[in-house]
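Structure assessment
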Amino acid sequence: MSAPANDIASSATISLQINNKMLTAEVADTEDLRAQGLMYRKTMSPDHGMIFAFRDDQSRCFWMKNTPIPLAIAFIDKNGTIVSMDEMQPLTEIPHCSGAAARYALEMNRNWFRSHGVRVGDNIKAVIPDTLPAARDGLREILQ
């Protein structure tokens, strides 16, 4: 079963900064948005990604089922610190887990983190528009 890429579209994007490198990320902060993720998309623009935001801190696992583009993932704790990273192969169900408590996961194109010198322990900062709904306040408080 396949679904069009725009069946579930994120209603917001945010600007993120890691080591003085700016990027744009779609916000996946609901169960439906997190479940859809980047599945079925065939491309993603350079310096664009998706940030998955959760309300609690725990070990997180992601896989690439129905995701044809190769991605890299960074797991981020509640303080905005990257706790682990991994490269993921497209169209697989191999789990990629944080190995530590994570509140966020950021998916980017394959090798994005490596090519920008991003490492475990680096911090991520966000510029979040005031237009985000109140439900997203938790993301605003932690990543600013």
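Everything quoted here is computed from the prediction, not taken from an experiment.

1. As for the nonpolar core
Counting residues in each nonpolar core, the largest one holds 21 residues, and the members touching the most others are Leu16, Ile18, Leu23, Ile51, Leu106 and Phe113. If you list the elements that add at least two residues to this core, you get β1 (13–18), β2 (21–28), β3 (48–58), β5 (71–76), β8 (102–109), α2 (112–115) and β9 (124–127). Residues Phe52, Phe54, Ala102 and Ala105 belong to the second largest nonpolar core, which totals 16 residues.

2. Regarding the layout of surface pockets
There is about 350 Å³ of room inside the largest pocket. Lining the largest pocket we find 17 residues, and of these Arg34, Ala35, Cys61, Phe62 and Trp63 sit closest to its centre. Sorting the residues of the lining of the largest pocket by element identifies α1 (31–36), β3 and β4 (61–62) as the ones contributing at least two each. Looking at the lining of the largest pocket, the element that brings in the most residues is α1, giving 3 residues. Partitioned by chemical class, the residues of the lining of the largest pocket number 10 nonpolar, 3 polar and 4 charged.

3. With respect to the pattern of salt bridges
Taken as a whole, this structure holds 5 salt bridges when the rule is applied. With a shortest N-O distance of 3.3 Å, lysine 21 and aspartate 47 are connected by a salt bridge. Here lysine 21, found in strand β2, pairs with aspartate 47, found in the loop between α1 and β3; they are 26 residues apart in sequence, far enough to count as distant. For lysine 21, a relative accessible area of 26% gives the class partly exposed. Residue class for aspartate 47 comes out partly exposed when judged on its relative accessible area of 24%. The salt bridge involving aspartate 56 is made with arginine 60; its shortest N-O contact spans 2.7 Å. Arginine 60 gets classed as buried once you look at its relative accessible area, which sits at 7%.

Criteria and thresholds
Residues numbered from 1 in each chain as written. Predicted model: local features only at pLDDT ≥ 70, side-chain atom pairs only at ≥ 80, totals over all residues. Heavy atoms only, no water. Core = buried A, V, L, I, M, F, W, Y, C linked by side-chain atoms within 4.5 Å. Buried < 20%, exposed > 50% of the residue type's maximum accessible area, 1.4 Å probe, protein only. Helix = DSSP H or I, 4+ residues; strand = E, 2+ residues; numbered from the N terminus. 1 Å grid on protein atoms, 1.4 Å probe; cavity = no way out; pocket = protein on both sides within 12 Å on 5 of 7 lines; lining within 4 Å. Points joined across faces, edges and corners; volume = space filled by probe spheres on them. Nonpolar A, V, L, I, M, F, W, Y, C, P; charged D, E, K, R; others polar. Salt bridge = Lys/Arg side-chain N within 4 Å of Asp/Glu carboxyl O.

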